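# Structure at a glance
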Amino acid sequence: MLALLLSPSAKARAYAIEYARAHAQDLPAERLEELVAQGAPDVKSFAAATLEKRNPRELGVALLGRLLQHKATSGFAAGALAQSFDRAELPADFLRDMYLGTGEQLNWVKGFISSKYGATELPADFWKALLDDPRLQKKPHPVEGLAMRALSAYPAAAIGPEWLLEKAAHPRISHMATQALMRADSLPGLDVEQVKARVFSAKYRGVALGLLGNRKLFTARQLTVPWLLALARRADPELHGFAHRYLLENVAPADFSDAGDAAAGLERLFELALGAKQPAPVRAFAQTYLRCHHPVIGPEQPESKSYNLKPRAPRKAYTPELLWPALTDSRDDVRRFALAIARAELRAWGWHTRVYELADAEAKEIRNLAYDALLRAGEEGADARHTLQPEELDPVKVFSLTESTKRSTREVAVELIRRHYARLGGAERLAWLMQSADREVGLFAVRLLWEKHRPTHLPEGWKPAGAKEAPAASGTERFANVDALRTFLRKMLFGLPPGRAKEAREGEVQKRLSASVAKRRVIELVRDLGLDDAAFARVVAPVLEEFTGSLAKGEWQSCLASLVQLRAAHPDAQLGSA
């Protein structure tokens with residue numbers, strides 16, 4: 001008879017309902033639930049009314065939860081769950097089922113939780129289990145968002161650091177998990193080695209590096225300097241960039257030593273910065289560290305300003321024995337590092353008078369250090385840390401620079417001689433300079449000889465060709481008369497030794513010039529100045545005329561040709577005996 005409750009015939013159902021009211025009031029609750037779910041409206045109403053007469057506690061939480069799905073019983077079930085049970089009597093599994101059930105069940109459980117529990121009263125494990133439930137993967141919205149918002153109110157320590165770290169790579173949960181970890185001041189139970197291992201996974205790298213960089217969570221000692229240095233060796237810019245920043249900000253020089261000794265730590269850092277076998281990322285870190293912790297230039301470094309670093313290394317650690325050879329290293333970064341230190345320490349080392357050695361360096365920036373130190377000698381505002389004083393200029397070394405294979409170095413030497421001639425010059429030195437294979441250097445020497453040492457009785461107001469005024473009187477010794485100057489020129493030409501090796505072209509090596517070739521070049525230089533300056537032509541013409549009687553074919557031909565050119569250039573002047 002009760003089977004007619006599900007009959008398609010309205011009369012049959014009505015008969016069955018009357019029968020059930022009279023003789024079947026003890027129908028099982030599960031059978032009544034089935035009628036509510038599958039029956040026609042009249043049967044639903046009968047089954048719902050029958051259930052409402054039952055004791056909710058006898059019906060049980062699970063069945064009431066299922067009754068929430070049906071319109072006919074949802075109101076009764078919601079009231080029964082709220083009024084007949086304490087919140088502690090509704091187990092976590094039941095509440096989780098409601099979250100993952102129908103829309104009616106979800107709406108009920110949302111209201112129940114908000115009315116019965118504070119923001120963090122439910123254990124965080126409840127929300128974690130909900131997010132981990134495989135049923136959620138089929139339809140994550142909107143329950144996943146509700147669970148994440150609920151978890152965001154808990155501290156990371158309450159949620160579980162390991163669970164959060166695992167979820168940091170989840171396609172939808174990662175943002176919430178990462179934020180919780182980044183906000184944390186402590187993560188008890190999270191193994192630093194586990195976090196360190198995650199930096200090598202692209203999925204976890206960002207959060208792992210963020211955690212390791214938080215000194216509230218992990219100390220430099222926990223990360224260990226060897227591990228950080230190994231990270232600095234990595235080609236990946238994100239990994240070695242993190243290692244560089246962390247080591248700069250958080251590690252003292254003593255930490256680079258196994259014994260915790262600062263001096264040994266600095267020695268290790270210099271080996272990392274300059275070592276022949278060190279990879280470029282490691283050198284870059286060590287060089288930056290040593291620059292930032294230098295007591296003089298450290299505060300000027302951009303990294304020091306960015307990370308508010310205070311120098312921790314003593315000045316005495318930056319020795320010339322370590323850094324001078326690095327100035328000529330083949331690696332650009334090593335040279336630049338050594339150069340930065342040398343600019344600040346050159347005078348303090350007492351090695352400022354050795355800048356002449358750097359003037360022949362292959363690297364332009366190293367030569368520029370020498371040029372700056374020499375050319376700015378005596379200038380107001382020059383950096384005294386590496387600039388020489390005028391009295392420190394060495395005449396022999398300056399004149400030696402005119403033989404450099406570097407054209408720029410020869411030009412600097414010539415300029416130094418011009419500026420500081422009273423201290424550096426002299427006729428004998430100019431005679432030596434005339435032998436240069438660089439024609440410009442030789443011609444400069446001849447012009448300077450005439451300008452600085454011309455006889456004192458020459459017409460007042462004489463000035464070099466093209467100049468607007470006579471050169472200022474200087475403290476250099478002048479020839480007493482024309483004969484004295486001619487005697488000097490004779491002595492120079494007759495006694496000229498074999499010329500120096502050619503230095504005009506950088507990197508080019510030639511055999512030493514013969515004495516005859518050297519003499520011919522000096523004759524040509526003397527001629528060239530004579531072509532420009534009639535007064536000088538009058539002085540030098542008799543000397544050239546004497547040499548036309550030389551037995552050496554090359555000499556007399558050069559002198560004769562020079563005389564002819566001088567007479568053609570100055571037809572009104574009496575040049576020689578002609």
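Residues numbered from 1 in each chain as written. Predicted model: local features only at pLDDT ≥ 70, side-chain atom pairs only at ≥ 80, totals over all residues. Heavy atoms only, no water.

For side chains bearing opposite charge, pairing can occur when the charged atoms are close. Applying the stated criterion to the full structure yields 35 salt bridges. Glu415 is paired through a salt bridge with Arg418; the nearest N and O atoms lie 3.6 Å apart. Taken as a pair, Glu415 and Arg418 lie in helix 27 (residues 407-419) at a separation of 3 residues, close to a single helical turn. Glu415 gets classed as partly exposed once you look at its relative accessible area, which sits at 27%. Residue Arg418 is classed as partly exposed on the basis of its relative accessible area, which comes to 45%. Between Asp528 and Arg527 there is a salt bridge, with the nearest N and O atoms lying 2.9 Å from each other. A cluster of three or more residues bridged by salt bridges with shared partners is formed by Arg376, Glu379, Glu415, Arg418 and Arg419. (Salt bridge = Lys/Arg side-chain N within 4 Å of Asp/Glu carboxyl O. Helix = DSSP H or I, 4+ residues; strand = E, 2+ residues; numbered from the N terminus. Buried < 20%, exposed > 50% of the residue type's maximum accessible area, 1.4 Å probe, protein only.)

With 14 residues, helix 1 (residues 10-23) extends 20 Å from end C-alpha to end C-alpha; this agrees with the ideal 20 Å at 1.5 Å per step. Every buried residue of helix 1 is listed here: Ala12, Arg13, Ala16, Ile17 and Ala20. In an axial view of helix 1, the angular spread of the buried residues amounts to 135°, which keeps them on one side of the axis. Among the exposed residues of helix 1, those oriented more than 90 degrees off its buried face are Lys11 and Ala22. Those residues of helix 1 that are buried lie in contact with helix 3 (41-52). Capping the start of helix 1 is the job of one residue whose side-chain oxygen sits 3.4 Å from the backbone nitrogen of Lys11: Ser9. (Expected span 1.5 Å × (residues − 1). Arc of directions from axis to C-beta. Contact = heavy atoms within 4.5 Å. Polar contact = N/O pair within 3.5 Å; in protein donor to acceptor, adjacent residues only side chain to side chain.)

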